[in-house]
Amino acid sequence: MSKSVYSLVLSDDVVAAVDRAAYALGSSRSNLINQILAEYVSFITPEKRRKDIFDSLVSVIDGFEPFQVQSRGSDSMLCIRSPLRVKYNPTIKYTVELARNNGSQIGQLRIMTRTQSEALIEMLDAFFYQFCKMEQKYIHHLFPNVVPQYQVGQGKLIRNFSLLKEGCKNNEIGTAIASYIQMIDRALKACLGADPSQWDGIIEQIYLEYLKETPIIC
């Protein structure tokens, strides 16, 4: 959304109050005034859209014990941690970064862990490759016009999200992202505790349960 400079005549007391509120929110004067005016005229700014999506995502994730939501570093990024029950008890981090526009491209999910264990990195890469292969098979069958983008390597998975239909509400998008994170976290932990020969069956079963919810993102 483009921005321009406008000249406004405002009361000094009002500006001082706005500055105090902006400081408390970690925002700027211009950004806060922009949000206030947008809310008054019922206009949904990209910033408000991202906030609504994250609020819905957090409200769902907070209800599940393994997940710990970190404080938001910016209005476009949210990090969630989940413990891995493997040697040295590392955590897996899910970072959701939302696009700064209101189009069908929502943003991306990055999954990674900080570890020096080559064995764990190899296991994560193997899981991510198998998961992406399984997911692509079903996406190609159910949504032939959708081509998800993945990056896998060094114990990390990056995948883009896009909407499968128009008109989705912000709370629906946030809930959908939360459901996806829950699904892949469940599949990952189930596979790390099983023999690799069983991974395909585990991933497929969990993914099919997820598809029953009729996902709105891919």
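For the structure, check the block above.
A brief look at the structure comes next. (Residues numbered from 1 in each chain as written. Predicted model: local features only at pLDDT ≥ 70, side-chain atom pairs only at ≥ 80, totals over all residues. Heavy atoms only, no water.)

### Focus: the overall build of the protein
Cut-off, in case you're wondering: Here a strand is any run of E in DSSP of at least two residues, a helix any run of H or I of at least four, and the numbering for each starts at the N terminus. Each residue is placed in one exposure class: buried if its accessible area under a 1.4 Å probe, protein chains only, is under 20% of its type's maximum, exposed if it is over 50%, and partly exposed if it falls in between. Pairs of residues are marked as contacts when any of their non-hydrogen atoms sit within 4.5 Å. To be clear on the numbers: accessible area is Shrake-Rupley with a 1.4 Å probe, and residue cover counts the displayed protein chains and nothing else. Charge convention: Lys and Arg are scored as positive, Asp and Glu as negative, and His as well as the terminal groups of each chain are ignored. Working definition for charges: the position is that of NZ of Lys, CZ of Arg, CG of Asp or CD of Glu.
Secondary structure summary: the protein contains six helices and six strands in total. Listed N to C, the secondary structure of the protein is α-α-α-β-β-β-β-α-β-β-α-α in terms of helices and strands. Counting all 218 residues of the protein, 41% fall into the buried class. In the protein, once contacts between residues fewer than 6 apart in sequence are set aside, the share between residues at least 24 apart is 56%. Of the roughly 13,100 Å² of accessible surface on the protein, a fraction of 51% belongs to carbon and sulfur atoms. Side-chain charges in the protein split into 24 positive and 23 negative, and the spacing between the mean points of these groups amounts to 1 Å.

### Examining the side chain of Ser56
Examined against the element boundaries, Ser56 turns out to sit in helix α3 (residues 46–61). Every residue in contact with Ser56, bar those within four places of it in the chain, is listed here: Asn170, Asn171, Gly174 and Thr175.

### A word on the pairing of strand β3 (residues 91–98)
To keep it simple, the criterion reads: Strands qualify as paired when DSSP identifies two bridges or more between them.
For β3, a buried count of six out of eight residues is recorded, marking the element as mostly surrounded by other parts of the structure. In terms of strand pairing, strand β2 (residues 77–83) meets β3 through seven bridges, oriented antiparallel. Counterpart to Ile80 in the pairing with β3 is Tyr94. Here β3 pairs with strand β4 (residues 105–112) via six bridges, running antiparallel. Residue pairing across strands places Thr95 opposite Arg110, the latter belonging to β4. With antiparallel pairing between neighbouring strands as the criterion, β3 and β4 make up a hairpin whose turn holds six residues.

### Examining the pairing of strand β6 (residues 156–162)
Of all seven residues in β6, five are buried; the element is thus mostly enclosed. Pairing of strand β5 (residues 150–153) with β6, which is carried by four bridges, proceeds in the antiparallel orientation. For Tyr150, the partnering residue across the bridge sits in β6 and is Arg159. Linking β5 to β6, which pair antiparallel, is a turn of two residues; within it Gln154 sits at a positive phi near 55°.

### Points about the sheet that holds β4
Rules: In this analysis, axes come from line fits to C-alpha atoms, helices being fitted only over the stretch in contact, and the angle between any two N-to-C directions falls in the range 0 to 180 degrees.
Spatial ordering of the open sheet is given by β1-β2-β3-β4-β6-β5, a layout of six strands whose pairing is antiparallel. Each having just a single partner strand, β1 (68–69) and β5 make up the two edges of the open sheet. Inspection of the sheet shows β1 paired to β2 by two bridges, in the antiparallel sense. Bridge assignment links Val69 to a residue of β2, and that residue is Ile80. Against the sheet, helix α5 (residues 170–192) touches β2, β3, β4 and β6, its axis set at about 155° to β3.

### Here's the deal with the side chain of Arg50
Mapping Arg50 onto the fold places it in helix α3. For Arg50, a relative accessible area of 2% gives the class buried. If sequence neighbours within four positions are ignored, Arg50 has contacts with Asp75, Ser76, Leu98, Ala99 and Arg100.

### As for the environment of Leu10
Along the chain, Leu10 falls in the segment before α1 (12–25). Judged by relative accessible area, Leu10 falls into the partly exposed class, the value being 42%. Put simply, Leu10 and Tyr129 are 119 residues apart on the chain and 57 Å apart in space, counted from C-alpha to C-alpha. The residues touching Leu10, leaving out its near neighbours within four places in the chain, are Val15 and Ile33.

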